[in-house]
Amino acid sequence: MNINKLIIPILSIICLIMTACTTSRSTVSQNVNLAKYEYASIINNDTYHIPAELMEYEIQLFDAVENSHLKLISDARIYELSPAQQERLLLVKYGVNARQEETVVTVNFIDYETGRPVASCRGAYSSLGIAGASSDMRGAIKRVAKQIAETFPK
């Protein structure tokens, strides 16, 4: 019986340590002033999209970008922006990597004029398979949303 009392706390500590290893972070180019950017257009084509059954997560990704200081512009309306506005435009590409050990959502911001990546935000979450894939996806999106808000504050 004493062994059973020890196993549960030890397993809990191991789970906490493994979950703590899942990191969320942002990488920003040293040579870029992020404050100059005002607009963002999320690339939504065959390469960058989430399958229809995961649309709720795509909505959350759009919300995450919109909760920064960036104003969302449809990719179909980019050409309606003036050249000065296009200089303040970022293209947004995202990716999702869902594995059993963790789910990672990456959102990359690319200067429209130069095609140069200027920032990358990564949100990672893991429940170690206990809570399920949808919980891990929600957690990863919340974490990437936090990274985006910190990188592009209002």
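Residues numbered from 1 in each chain as written. Predicted model: local features only at pLDDT ≥ 70, side-chain atom pairs only at ≥ 80, totals over all residues. Heavy atoms only, no water.

Enquirer: Tell me about the environment of Ala-35, and please be specific about residues and values.
Expert: Mapped onto the elements, Ala-35 comes out in the loop between β1 (25–28) and β2 (39–42). The exposure class of Ala-35 is exposed, given its relative accessible area of 63%. In sequence terms Ala-35 and Phe-152 are 117 residues apart; their C-alpha atoms lie 7.5 Å from each other. (Helix = DSSP H or I, 4+ residues; strand = E, 2+ residues; numbered from the N terminus. Buried < 20%, exposed > 50% of the residue type's maximum accessible area, 1.4 Å probe, protein only.)

Enquirer: Outline the pattern of salt bridges, listing residues and values.
Expert: Think of it this way: side chains of opposite charge can pair up when their charged atoms draw near. Across all of its chains, the model carries four salt bridges by this definition. The partner of Arg-77 in a salt bridge is Glu-80, and the shortest N-O contact between them spans 2.7 Å. The exposure class assigned to Arg-77 is partly exposed, which follows from its relative accessible area of 48%. (Salt bridge = Lys/Arg side-chain N within 4 Å of Asp/Glu carboxyl O.)

Enquirer: For the side chain of Thr-151, give the residues involved together with the corresponding values.
Expert: With respect to the secondary-structure elements, Thr-151 resides in helix α4 (residues 133–151). Engagement of the side chain of Thr-151 in a polar contact is seen with the side chain of Ser-26, the distance being 3.0 Å. The contacts of Thr-151, once residues within four sequence positions are left out, are Ser-26, Val-28, Leu-34, Ala-119 and Cys-121. (Polar contact = N/O pair within 3.5 Å; in protein donor to acceptor, adjacent residues only side chain to side chain. Contact = heavy atoms within 4.5 Å.)

Enquirer: Mind laying out helix α2 (residues 55–66), listing which residues take part and the relevant values?
Expert: One turn of an α-helix holds 3.6 residues; hence residues three or four places apart share an orientation. Along its twelve residues, α2 runs 17 Å from first to last C-alpha, staying within 8% of the 16 Å computed at 1.5 Å per residue. Of the residues making up α2, those classed as buried are Tyr-57, Glu-58, Leu-61, Ala-64 and Val-65. One side of α2 carries all its buried residues, which in axial view fall inside an arc of 115°. (Expected span 1.5 Å × (residues − 1). Arc of directions from axis to C-beta.)

Enquirer: An account of the sheet that holds strand β3 (residues 71–72) is requested, with residue identities and associated values reported.
Expert: Read across the open sheet, the six strands follow the order β1-β6-β5-β4-β2-β3; overall the sheet is mixed. Taken across any chain shown, the strands that pair with only one partner, and hence form the sheet edges, are β1 and β3. (Pairing = 2+ DSSP bridges.)

Enquirer: Any chance you could break down the packing of aromatic side chains for me, citing the residues and the numbers?
Expert: For any pair of aromatic rings, the description rests on two quantities: the centre-to-centre distance and the angle between the ring planes. For the structure on display, the rule yields one aromatic pair. Relative to Phe-152, the ring of Phe-109 has its centre 4.7 Å away and its plane inclined at 50°; by these criteria the two rings are tilted. Taken together, the positions of Phe-109 in strand β5 (residues 103–111) and Phe-152 in the segment after α4 put the pair 43 residues apart, joining distant regions of the chain. (Phe/Tyr/Trp six-rings, centres within 6.5 Å; stacked < 30°, edge-to-face > 60°.)

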